[in-house]
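# Structural overview
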Amino acid sequence: QVQLVESGGGLVQPGGSLRLSCAASGSFFSRSAMGWYRQAPGKQRRLVARIIMDGSTSYLDSVKGRFTISRDNAENTVYLQMNSLKPEDTAVYYCNQFYYGSNYWGQGTQVTVSS
């Protein structure tokens, strides 16, 4: 009932920027909490940024001040603006939708930060 499609990943040099987008299908986007997770090789998938229905946001400490999550309910889209990227940000980034106890995941988009 929910399909998430990420886009915007790619290769960027340290200090550069990328904007990830996640387009959601279904009728429940505006009633859902949305998040961006990332998983680097050898590490667990972890929450990077989260935005709930009222627009409140939270971030992984290591990305605070550099990443911004936002949502456009009219377009059923959540964004992750990533600035001042560091090599340690390299990972597959996944969009997540949480609705009534259920988690829905996108396929992921690769972000590589390297000189």
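In this report, we go over the structure that sits alongside the text.

### Here's the deal with the packing of aromatic side chains
Under the counting rule described, the total for this entry stands at three aromatic pairs. Residues Phe28 and Tyr99 carry aromatic rings whose centres are separated by 4.5 Å and whose planes lie at 15° to one another, so their mutual orientation is stacked. Here Tyr99 lies in strand β9 (residues 91–99) and Phe28 lies in the loop between β3 (18–24) and β4 (33–39), a separation of 71 residues in the sequence. Phe28 sits in the partly exposed class, given a relative accessible area of 26%. Geometrically, the ring pair formed by Tyr99 and Tyr100 is stacked, given 4.5 Å between the ring centres and 15° between the ring planes. One aromatic cluster is present, built from ring pairs that chain together Phe28, Tyr99 and Tyr100. The ring centre of Trp105 lies 4.8 Å from the NZ or CZ of Arg45, which sits over that ring.

### Quick word on the environment of Met82
With respect to the helices and strands, the residue Met82 is situated in strand β8 (residues 77–82). Looking at Met82, the relative accessible area reads 0%, which means it is buried. Sequence separation of Met82 and Val63 is 19 residues, and the distance between their C-alpha atoms is 8.5 Å. Setting aside anything within four residues of it in sequence, one finds Met82 in contact with Gly16, Ser17, Leu18, Leu20, Arg66, Phe67, Tyr93 and Val111.

### Section: the sheet that holds strand β7 (residues 67–72)
The four strands lie next to each other as β1-β3-β8-β7, forming an open sheet whose pairing is antiparallel. This sheet does not close on itself; its edge strands, each paired only once, are β1 (4–7) and β7. Across this sheet, the average inter-strand angle for adjacent strands is 15°, counted without regard to direction. Looking at chain direction, β7 and β8 are connected through six bridges and run antiparallel. Residue pairing in the sheet places Asp72 in a bridge with Thr77 of β8.

### Looking at the pattern of salt bridges
Overall, the coordinates contain three salt bridges when judged by the stated rule. Notably, a salt bridge pairs Asp89 with Arg38, separated by 3.0 Å at the nearest N-O pair. With Asp89 in the loop between β8 and β9 and Arg38 in strand β4, this pair connects stretches of sequence that are 51 residues apart. An identical accessibility class is assigned to Asp89 and Arg38; each is buried. Three or more residues are tied together by salt bridges with common partners; here these are Arg38, Arg66 and Asp89.

Each value, and the rule that gives it
Residues numbered from 1 in each chain as written. Predicted model: local features only at pLDDT ≥ 70, side-chain atom pairs only at ≥ 80, totals over all residues. Heavy atoms only, no water. Phe/Tyr/Trp six-rings, centres within 6.5 Å; stacked < 30°, edge-to-face > 60°. Helix = DSSP H or I, 4+ residues; strand = E, 2+ residues; numbered from the N terminus. Buried < 20%, exposed > 50% of the residue type's maximum accessible area, 1.4 Å probe, protein only. Lys NZ or Arg CZ within 6 Å of the ring centre and 35° of its normal. Contact = heavy atoms within 4.5 Å. Pairing = 2+ DSSP bridges. Axes fitted to C-alpha atoms, helices over the stretch in contact; angles between N-to-C directions. Salt bridge = Lys/Arg side-chain N within 4 Å of Asp/Glu carboxyl O.

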